[in-house]
Amino acid sequence: MAISYNKLFELMNQKGIKKIDLRNKYKINPKTVDSLVNNRSVTVDTLMILCEILDCQPGDIVEYVREEEPKAE
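Residues numbered from 1 in each chain as written. Predicted model: local features only at pLDDT ≥ 70, side-chain atom pairs only at ≥ 80, totals over all residues. Heavy atoms only, no water.

**Student:** Explain the overall build of the protein to me, please; I cannot follow it from the model alone.
**Tutor:** For the protein, the helix and strand inventory stands at four helices and two strands. Counted from the first residue to the last, the protein has its helices and strands arranged as β-α-α-α-α-β. Its C-alpha atoms give the protein principal-axis dimensions of about 50 × 20 × 20 Å. Taking all 73 residues of the protein together, 30% fall into the buried category. Long-range pairs, those at least 24 residues apart, make up 65% of the contacts in the protein between residues at least 6 apart in sequence. Element-wise, carbon and sulfur atoms account for 48% of the exposed surface of the protein, whose accessible area totals about 5,600 Å². Counting 11 positive and 12 negative side-chain charges, the protein places the centres of these two groups 8 Å from one another. (Helix = DSSP H or I, 4+ residues; strand = E, 2+ residues; numbered from the N terminus. Buried < 20%, exposed > 50% of the residue type's maximum accessible area, 1.4 Å probe, protein only. Contact = heavy atoms within 4.5 Å. Areas by Shrake-Rupley, 256 points an atom, 1.4 Å probe, with all protein chains shown as cover. Lys, Arg positive; Asp, Glu negative; His and termini not counted. Charge placed at Lys NZ, Arg CZ, Asp CG, Glu CD.)

Set out below in structure tokens:
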């Protein structure tokens, strides 16, 4: 199971918000920003804060990516 935050960073780019802004202006913990950058899980509270900042819905910033199963030989 994998999560991708590529949509988050695309939306941030469109709105002129940088990763450093998440830490400095919006006071999001640097470890949380690192988790987002590395597509690791974050809390629902973090997703709600990001949705508030970006005026969006969770599906606008996070995507479930199905991992491919090994092919049978």
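After that view of the structure, there is still more to cover.
**Student:** Explain the pattern of salt bridges to me, please; I cannot follow it from the model alone.
**Tutor:** Side chains that differ in sign of charge can pair as their charged atoms come close. Taken as a whole and judged by the stated rule, the model has one salt bridge. With a closest N to O distance of 2.6 Å, Asp-34 and Arg-40 form a salt bridge. For Arg-40, a relative accessible area of 40% translates into the label partly exposed. (Salt bridge = Lys/Arg side-chain N within 4 Å of Asp/Glu carboxyl O.)

**Student:** What's the story with the nonpolar core in this structure? I'm lost.
**Tutor:** Considering soluble globular proteins, one finds that nonpolar side chains tend to be buried as a cluster. Core analysis: the largest hydrophobic core is formed by 18 residues, its most contacted members being Tyr-5, Leu-8, Leu-22, Leu-50, Leu-54 and Ile-61. The set of elements that each furnish at least two residues to this core consists of helix H1 (6-14), helix H3 (30-37) and helix H4 (44-54). The greatest single-element share of this core, amounting to five residues, is contributed by H4. Those residues in contact with Leu-50 that lie beyond four places of it in its chain are Leu-8, Leu-22, Ile-28, Leu-36, Cys-56 and Ile-61. (Core = buried A, V, L, I, M, F, W, Y, C linked by side-chain atoms within 4.5 Å.)

**Student:** Which parts of the structure should I look at to understand the side chain of Ser-35?
**Tutor:** As for its placement among the helices and strands, Ser-35 is situated in helix H3. With residues up to four places along the chain from it excluded, the contact list for Ser-35 reads Tyr-5, Arg-40, Ser-41 and Val-42.

**Student:** So what exactly am I meant to see when it comes to unusual backbone geometry here?
**Tutor:** Both trends apply: most residues other than glycine have a negative phi, and most peptide bonds are in trans. Even without being glycine, Lys-27 reaches a positive phi, approximately 60 degrees. Looking at the secondary structure, you find Lys-27 in the loop between helix H2 (19-24) and H3. Since its relative accessible area comes to 67%, Lys-27 is described here as exposed. Even without being a glycine, Asn-39 presents a positive backbone phi close to 55 degrees. Locating Asn-39 in the fold gives a position in the loop between H3 and H4.

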